[in-house]
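Chain by chain, the residues:
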Amino acid sequence: MKKIVLLIHLFLSLFAFAQNEQLAQYYYDKGDFEKAKISYEELLQEIPLNSQYFLRIIDCSQQLQEFESAEKAIQERLDKYNQGNLLVELGYNFQLQKNDDKAKMYYDQALDRIRKNPNQVYGISNTFERKVLLEYALKSYQIAVELEPNFNFNYQIGLLYGQLSNIEMMISTFLDEAFANPQNSIRIQNQLVRFMADEGDANFNELLRKALIVRTQKNQDIFWNHYLSWFYVQEKEFGKAFIQQKAIYKRNPESLATIVNLGQLAIEEENEEAAKEILGFVLQNTLDLELLIQANSYLIAMKIEKATEKDFAVISKELDGLMKQFEISPFTLSLQLIQAHFTAFKLKKPEEGKAIIKRALELQLNDYQVADAKMELADILLYEEKFNQALIYYSQIELDLKNDVMAHEASLKAAKTSYFKADFAWALKQFKELKSANTQLIANDALEYFLLINDNTVVDSTQTALKQFAKGDYLLYQNRNQEAITQFLSILKNHKGQQIEAVTLLRLGNIYEETGDFTLALSQYQTIMDQYSDGIYIDEALYFSAEIYKKELLLPDKAKPLYEKIIFNHQDSIYFVEARKKFRQLRGDTNL
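What counts, and at which threshold
- Per chain, the residues get numbers from 1 upward, laid out in the order the sequence is written.
- It should be noted that, the model being predicted, local features are given only for residues of pLDDT at least 70 and side-chain atom pairs only at 80 or more, the latter also being counted only at that level, while totals for whole chains, interfaces and linings use all residues.
- The basis for the side-chain values is all heavy atoms of the structure; hydrogens and waters are excluded.
- To qualify as a helix, a DSSP run of H or I must reach at least 4 residues; to qualify as a strand, a run of E must reach at least 2; elements of each kind are numbered from the N terminus.
- Burial classes: relative accessible area under 20% of the type maximum marks a residue as buried, over 50% as exposed, and values in between as partly exposed (1.4 Å probe, protein chains only).
- Any two residues whose heavy atoms approach within 4.5 Å at even a single point are treated as in contact.
- The method behind every accessible area is Shrake-Rupley, applied with a 1.4 Å probe, and residues are considered shielded solely by the protein chains displayed.
- Positive charges come from Lys and Arg, negative ones from Asp and Glu, while His and the chain ends are left out of the count.
- One atom stands in for each charge, and that atom is NZ of Lys, CZ of Arg, CG of Asp or CD of Glu.
- A pair is scored as a salt bridge if a Lys or Arg side-chain nitrogen falls within 4 Å of a carboxyl oxygen belonging to Asp or Glu.
- Think of a 1 Å grid over the protein atoms and nothing else: a 1.4 Å probe that fits but is trapped marks a cavity, an open set flanked by protein within 12 Å on at least five of seven lines marks a pocket, and residues with an atom within 4 Å of a point count as lining.
- Grid points are joined across faces, edges and corners, and a volume is the space filled by probe spheres set on the points.
- Under the scheme applied here, ten amino acids are nonpolar (Ala, Val, Leu, Ile, Met, Phe, Trp, Tyr, Cys and Pro), four are charged (Asp, Glu, Lys and Arg), and all others, including Gly, are polar.
- Each aromatic pair joins two rings of Phe, Tyr and Trp (for Trp, the six-membered one) with centres within 6.5 Å, and gets the label stacked for planes under 30 degrees apart, edge-to-face for over 60, and tilted for any other angle.
- To count toward a patch, a residue needs a relative accessible area over 30% and no salt bridge; like charges are then connected within 9 Å, while nonpolar side chains (Val, Leu, Ile, Met, Phe, Trp, Tyr) are connected within 5 Å.
- Each axis is a line fitted through C-alpha atoms, taken for helices only over the stretch in contact, and angles between the N-to-C directions span 0 to 180 degrees.
- Throughout this description, any angle smaller than 35 degrees is read as roughly parallel, any larger than 145 degrees as roughly antiparallel, any in the 65 to 115 degree range as roughly perpendicular, and the remainder as oblique.
- Crossing handedness: left-handed means the near helix sits turned counterclockwise from the far one by under a right angle, and right-handed means the same turn made clockwise.
- Any helix carries an expected span of 1.5 Å times its number of residues minus one.
- When we speak of the arc, we mean the arc of directions from the helix axis to the C-beta atoms.
- Nine residue types can take part in a nonpolar core, namely buried Ala, Val, Leu, Ile, Met, Phe, Trp, Tyr and Cys, and a core is a set of them joined through side-chain atoms within 4.5 Å.

Draft legend 1. How the structure looks around the overall build of the protein. Helix and strand counts for the protein come out as 32 helices and zero strands. Sorting the 592 residues of the protein into buried and exposed places 46% on the buried side. The contacts in the protein between residues at least 6 apart in sequence include a share of 51% that link residues at least 24 apart. Split by element, the accessible area of the protein, about 31,500 Å² in all, is 51% carbon and sulfur. For the protein, the distance from the average site of its 66 positive side-chain charges to the average site of its 83 negative ones is 1 Å.

Draft legend 2. Geometry of the pattern of salt bridges. Evaluated as defined, the whole model comprises 31 salt bridges. Between Lys310 and Asp311 there is a salt bridge, with its nearest N and O atoms 3.5 Å apart. The closest approach of N and O atoms between Glu448 and Arg507, which form a salt bridge, is 3.2 Å. With a gap of 59 residues between them, Glu448 in helix H25 (residues 440–458) and Arg507 in helix H28 (residues 500–514) connect regions that are remote in the sequence. Members of the salt-bridge network, linked through shared partners, are Lys236, Glu269, Glu547, Lys551, Glu578 and Lys582.

Draft legend 3. Main features of empty space enclosed by the protein. In this structure the tally under the stated criterion is one cavity of 30 Å³ or more. The calculated volume of the largest cavity comes to roughly 30 Å³. With four residues, H25 is the single largest residue contributor to the lining of the largest cavity. Residue composition of the lining of the largest cavity, grouped by class: five nonpolar, two polar and one charged.

Draft legend 4. Structural detail: the packing of aromatic side chains. Under the defined criterion, the tally for this structure stands at 39 aromatic pairs. Taking the centre distance of 4.8 Å and the plane angle of 40° together, the rings of Tyr141 and Phe153 count as tilted. One end of the pair, Tyr141, is in helix H8 (residues 134–147); the other, Phe153, is in the loop between H8 and helix H9 (154–163), and 12 residues separate them in sequence. For the pair Tyr141 and Phe153, a shared accessibility class is recorded, and that class is buried. Centroid distance Tyr155 to Phe174: 5.7 Å. Interplanar angle 40°. Geometry classified as tilted. With Tyr155 in helix H9 and Phe174 in helix H10 (residues 167–180), the pair connects residues that are 19 residues apart, well separated along the chain.

Draft legend 5. Looking closely at a negative patch on the surface. A surface patch of negative charge is lined by Glu270, Glu305, Glu514 and Glu552. Locating Glu552 in the fold gives a position in helix H30 (residues 538–552). Accessibility expressed as a relative area gives 44% for Glu552, which makes it partly exposed.

Draft legend 6. Looking closely at the environment of Gln22. Along the polypeptide, Gln22 turns up in helix H1 (residues 2–30). A C-alpha to C-alpha distance of 9.7 Å links Gln22 and Ser39, two positions 17 residues apart in sequence.

Draft legend 7. Quick peek at the packing of H25 against helix H26 (residues 464–477). Relative orientation of the contacting elements H25 and H26 amounts to 155°, with a least axis distance of 10 Å. Accordingly, the angle class assigned to the pair H25 and H26 is roughly antiparallel. Here Tyr449, Leu452, Ile453, Asn456 and Thr457 of H25 lie close against H26, whose contacting residues are Leu466, Phe469 and Asp473. Looking at the contact of H25 with H26 residue by residue, the classes come out as five nonpolar, two polar and one charged.

Draft legend 8. Structural detail: the packing of helix H12 (residues 204–218) against helix H13 (residues 222–234). Contact pair H12 / H13: the axes reach a minimum separation of 9 Å and the direction vectors enclose 155°. Judged on the interaxial angle alone, H13 and H12 are roughly antiparallel. Crossing handedness for the pair H12 and H13: left-handed. Across from Asn205, Leu208, Arg209, Leu212, Ile213, Arg215 and Thr216 in H12, the residues of H13 making contact are Trp224, Asn225, Tyr227, Leu228, Trp230, Phe231 and Tyr232. Across the contact of H12 with H13, the residue classes tally to nine nonpolar, three polar and two charged.

Draft legend 9. A look at helix H31 (residues 556–569). For H31, with 14 residues, the first-to-last C-alpha span of 20 Å sits near the 20 Å given by 1.5 Å per residue. All of the buried residues along H31 are Ala559, Leu562, Tyr563, Ile566 and Ile567. Seen end-on, H31 carries its buried residues on one side only, within an arc spanning 145°. Residues Asp557, Phe568 and Asn569 are exposed on H31 and point more than 90 degrees away from its buried face.

Draft legend 10. A look at the nonpolar core. In this structure, Phe128, Leu175, Leu192, Leu208 and Tyr227 are the most contacted members of the largest nonpolar core, which totals 87 residues. The element that contributes the greatest number of residues to this core is H13, accounting for eight residues. When near neighbours in sequence (up to four residues on either side) are disregarded, Leu175 contacts Leu192, Leu208, Ala211, Leu212, Arg215, Trp224 and Tyr227. Within the second largest apolar cluster, 86 residues are counted, among which are Ala390, Ile528, Leu542 and Tyr563.

Dropping the structure here:
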């Protein structure tokens, strides 16, 4: 019984302490530094060694301009615990009082601590960084490394050079560290990508490119070819990345898988010319069955994507030839699924498409291959308007591969199926959950449909226009583009000035753009810009118009101001980063 009472007392004490800590944090966040200071002082009495509580007391004192009180507290703690980082705190306390000479004296004393004991660098450098005393932080790391060569602070030093705008030294330090410790390469590349995407230094990409080229020329290690290839991929210059990959292949003929992946990236970025060259090289230089199937799958899928009806007979024959060459097996599943999709959606023979998949499902497939096949089968069933059967297969994938990206994709398709069949309440619930999906493309897609359903339900409880719009989207899914155009034009005619109009214009613009009628596409986007400039589709209208002018009509001077509007007026747009990069390219202030 005594033990139970003791445990209850202990629990209540811990609960009360946690509440006091939350209260102190609340006062601090609120800016009520008087109360926050008192609360943290009470907490520090309970746990005197807690440096976080102590530093909060000092911060509160400084916010209240009680500098003498702060100095006394820091000095007493320094005398008691002799921690080098407290010298930085003392110096900063004087810096706040504009006493720079005394501040420098204590900062130099902190650096002397590192000279006497390099292990003190951790606490001291961290404190310098927290106070944004970047030059001192850099010096603290440099002193420690000079005295203790086994220390490695290259990553931290590189970051500090970047913060100090010494870009060349940052690049040099990062690249030296990546070469010396390849396990840190991805971490370093992530930092470099942040600078590559930032507009603070327009010459950063050119400086990085030159640094990599110099290292490639001076050092024959293929590490630098890999790094330069990575750089060109970030810049979406796949042809130049391919040159580096070919150089790697000459010295390491086992590297073709990387070249196949490069071809896939080129396809995803719609660089058809580079993709064909890259995958053609693979076909000429390998007998590896898996790579041959992969390369052929990408190439035939690319042909189908660009094909018109007059090309279908040739593509059908080519698919038959590939299946005859590589035969029906688990290895050729990607080709089988491409053939099934082409047969159902392009040749409009869904029964034959389903037969191909059902034959594939009889093979010895792994869980992911089964999911791929079921996904395609569900897609064809959806094409046939067999909504409930499609939902069964999507649900099976969700259950079999819980929390996997493929499961999220199946969930998105299930939500779209509910949307197509006008079950908007259930679709809205699914899209709401998928807005927070880990995969950005799925999250963005889910958000688009969530807003579409939600906004058009609020303004029209009967959902009349929304039902008509969903029907138009379903016609698009079935590749019945002309019927979809008629459907969307009918919505514009019958629901003029209503909420649904802007997104209908956007859909029409997308269809016209896809079919190559760029004048009509631009007309739809321009109407959104003119009449719905404060709506949620304005950034898409701007971006899609700019892309047409830049890529299709080759009129960069018309594209540039549209990108610029996204940069200055729509910083929260998912197209912001790309718009900024392309604007800078057109303006000519980067050497890409």
